[in-house]
2 protein chains.
Amino acid sequence: MTSTYEFPRPALTVDCVVFGLDEPDLKVLFIRRDLEPYRGKWALPGGFVHVEESLEDAAKRELREETGLEKVFLEQLYTYGDVDRDPRERVVTVAYYALVRLSDHRVVAATDARDAAWFGVHDVPRLAFDHDRILKAGYHRLQNKLRYEPVGFELLPRKFTLRQLQRLYEIILDRSLDKRNFRKKILGMDVLEELDEVETDVAHRAARLYRFNQKRYREMVKQGVNFEI
Amino acid sequence: MTSTYEFPRPALTVDCVVFGLDEPDLKVLFIRRDLEPYRGKWALPGGFVHVEESLEDAAKRELREETGLEKVFLEQLYTYGDVDRDPRERVVTVAYYALVRLSDHRVVAATDARDAAWFGVHDVPRLAFDHDRILKAGYHRLQNKLRYEPVGFELLPRKFTLRQLQRLYEIILDRSLDKRNFRKKILGMDVLEELDEVETDVAHRAARLYRFNQKRYREMVKQGVNFEI
DNA sequence: CGCCTTCGTGTAGAATCTACACTAAGAGGA
DNA sequence: TCCTCTTAGTGTAGATTCTACACGAAGGCG
């Protein structure tokens, strides 16, 4: 079954920059290509947009098919449309970035016959197409996002300690933060719920666990509260 | 001449949200559609992406063809890909927003047979497709952008007074700013060149003219300087 | 020359940011 | 049981930045 159009059309794909926190590293997920071009090279998970699915649906579907990931935080990043991005033909790619809780999704690589693997964000192999550029944009966006919105919770277990959260910020923003100031700031945002639980299995005083209160956050966003770190 | 593909492909278009400052209003440019669907309705300037041109080139070309505008500030906004955006068929639209110096481009509407017109951003007619949504996103983006980056100069004449600049900020951000604090802040950024000229044709003391020093700005961005207002 | 309008400037008090160090809790081993 | 080790959890002073606010100077115009 084929489709015919009066004028030639670019192919349309989605690609996802998938971040996961694997302390002490921020990791990104790639799949190994099993087709030409760039066969055997690592690439961002992604693929063609079907004509009856939205862009976001396409991104979700590709993530599920290629990496087994579901229900992750997903946001549009940028659309890449230079004419020579793909050696075969004109391809326009809508890039998304995703944040996944590795605590929930341990076994990603195994879910599919395809070869998937996490790489440290500062230690990425040569990538197919212009995917290094997309990766860079995704990382940059994550850093900016984190600076202005409390989005990091998507990378942590649902219950976490303030120390874990601070480490996350330090890893992503790539600079160290003062413990007391960080706690003041983040608690002052008033979007964390203090739980009646502490962490377990640590060989020292256990830290209190917190949970992100998304409902409260959304209310505060409406009121125009600032979440800058 | 037709093109045939194995699978159906969405059509790909670009649309531009074009802002211009026409004191005391921020205006947006629309064209009146002369084809179905939405014939006679106002719509964002835009059109199909040719297969041999980049997305940005397509946006520039459409702007030129439909509105006569050239060499304007142009930046990608968001890509809209819901399946039912267009009643005819699946259309994916990469939206851009543009800032134009009305002082340089007075006669936009006349350049083409097509019907083009500026509307106050708070006083826009019913628009074709989901263009009201795109407009909203563009306006929102402009506000955010202005808040964090000195981008407003693109809307002013190359030489301008601090008062003009402040008015611009007030119009776009939709709140009044303190004169002295604004001047301190903006001059403290160190990206304005004080000229040896003052405004003319005013019936009161003439204000000094300034010019935006883009080179200096770029250097400062590299150093990670903050341009928040 | 007087009037009118806008230009251009400083400061004090409030709020926020930054840098910094010690006691408390709990686990583990002697 | 007690000593040691590690991290938890907390407050403050000084510097910086933000905010609110008013008046003399310049220059065109009648």
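Residues numbered from 1 in each chain as written. Chains lettered and ligands numbered in written order. Predicted model: local features only at pLDDT ≥ 70, side-chain atom pairs only at ≥ 80, totals over all residues. Heavy atoms only, no water.

Glancing now at the pairing of strand 2 (residues 11-22) of chain B. All names here are of chain B. The buried fraction of strand 2 is high, at 11 of 12 residues. One ladder, built from 10 bridges, connects strand 2 with strand 7 (residues 91-100); its direction is parallel. Bridge pairing in strand 7 links V17 to Y97. The pairing of strand 2 with strand 5 (residues 46-48) spans 3 bridges and is classified as antiparallel. By the bridge assignment, V14 is partnered in strand 5 with G47. Bridge count for strand 2 against strand 3 (residues 25-32) is 4 bridges, and the pairing is antiparallel. Counted as the bridge partner of D22 is D25 from strand 3. Where strand 2 folds back on strand 3, the antiparallel hairpin that results is connected by 2 residues. (Buried < 20%, exposed > 50% of the residue type's maximum accessible area, 1.4 Å probe, protein only. Helix = DSSP H or I, 4+ residues; strand = E, 2+ residues; numbered from the N terminus. Pairing = 2+ DSSP bridges.)

Turning our eyes to something else, we now look at the protein's contact with DNA strand D. What surrounds DNA strand D is a group of 19 residues, the closest being K179, R183, K184, H204 and R208 of chain A. Taking all atoms of DNA strand D within 4 Å of the protein, the share assigned to sugar and phosphate is 39%. A distance of 2.8 Å separates a base nitrogen of DNA strand D from a polar atom in the side chain of K179 of chain A. N181 of chain B places a side-chain nitrogen or oxygen 3.1 Å from a base nitrogen of DNA strand D. (Near = heavy atom within 4 Å. Polar contact = N/O pair within 3.5 Å; in protein donor to acceptor, adjacent residues only side chain to side chain.)

Let us look at the relation of the copies chain A and chain B. Rotating chain A by 180 degrees and moving it 0.0 Å along the rotation axis overlays it on chain B with an RMSD of 0.0 Å. Both chain copies can therefore be described as sitting about a two-fold axis. When C-alpha distances to the rotation axis are compared across chain A, the minimum falls at T4 of chain A, with a value of 2.1 Å. The residues that chain A uses at the interface reappear at the interface of chain B in 100% of cases, marking a shared surface. (Least-squares fit on C-alpha atoms with pLDDT ≥ 70 in both. Contact = heavy atoms within 4.5 Å.)

Residues and elements named next belong to chain A. The buried fraction of strand 6 (residues 73-80) amounts to 6 of the 8 residues, a majority that puts the element mostly inside the structure. For strand 6 and strand 7 (residues 91-100), the ladder comprises 7 bridges, and the chain directions are antiparallel. Counterpart to Y80 in the pairing with strand 7 is T93.

Attention now goes to the pattern of salt bridges. Residues and elements named next belong to chain A. Counted under the stated rule, the structure contains 44 salt bridges over all chains. Taking the shortest distance from any N to any O, the salt bridge between R211 and E193 comes out at 3.1 Å. Within this pair, whereas R211 is found in strand 11 (residues 208-212), its partner E193 is found in strand 10 (residues 192-198), the two being separated by 18 residues in sequence. Using a relative accessible area of 35% as the deciding quantity, one classes R211 as partly exposed. (Salt bridge = Lys/Arg side-chain N within 4 Å of Asp/Glu carboxyl O.)

This brings us to the interface of chain A and chain B. Counting residues at the interface gives 32 residues for chain A, matched by 32 residues for chain B. Taken over both partners, the interface formed by chain A and chain B buries close to 2700 Å², and the fraction arising from carbon and sulfur atoms is 52%. Ionic pairing is found between R9 of chain B and E89 of chain A, a salt bridge with its closest N-O pair at 2.8 Å. Along the contact surface separating chain A from chain B lie 17 residue pairs in polar contact (both at pLDDT 80 or more). (Buried area = accessible area lost by both parts, 1.4 Å probe.)

This paragraph deals with the sheet that holds strand 11 (residues 208-212) of chain B. All names here are of chain B. Pairing is antiparallel in the open sheet, where 3 strands are placed in the order 9-11-10. Edge strands, defined here as strands with exactly one partner in the open sheet, are strand 9 (159-160) and strand 10 (192-198). Pairing geometry for strand 9 and strand 11, over 2 bridges, is antiparallel. Within strand 11, the position partnered with K159 by the bridge is R211.

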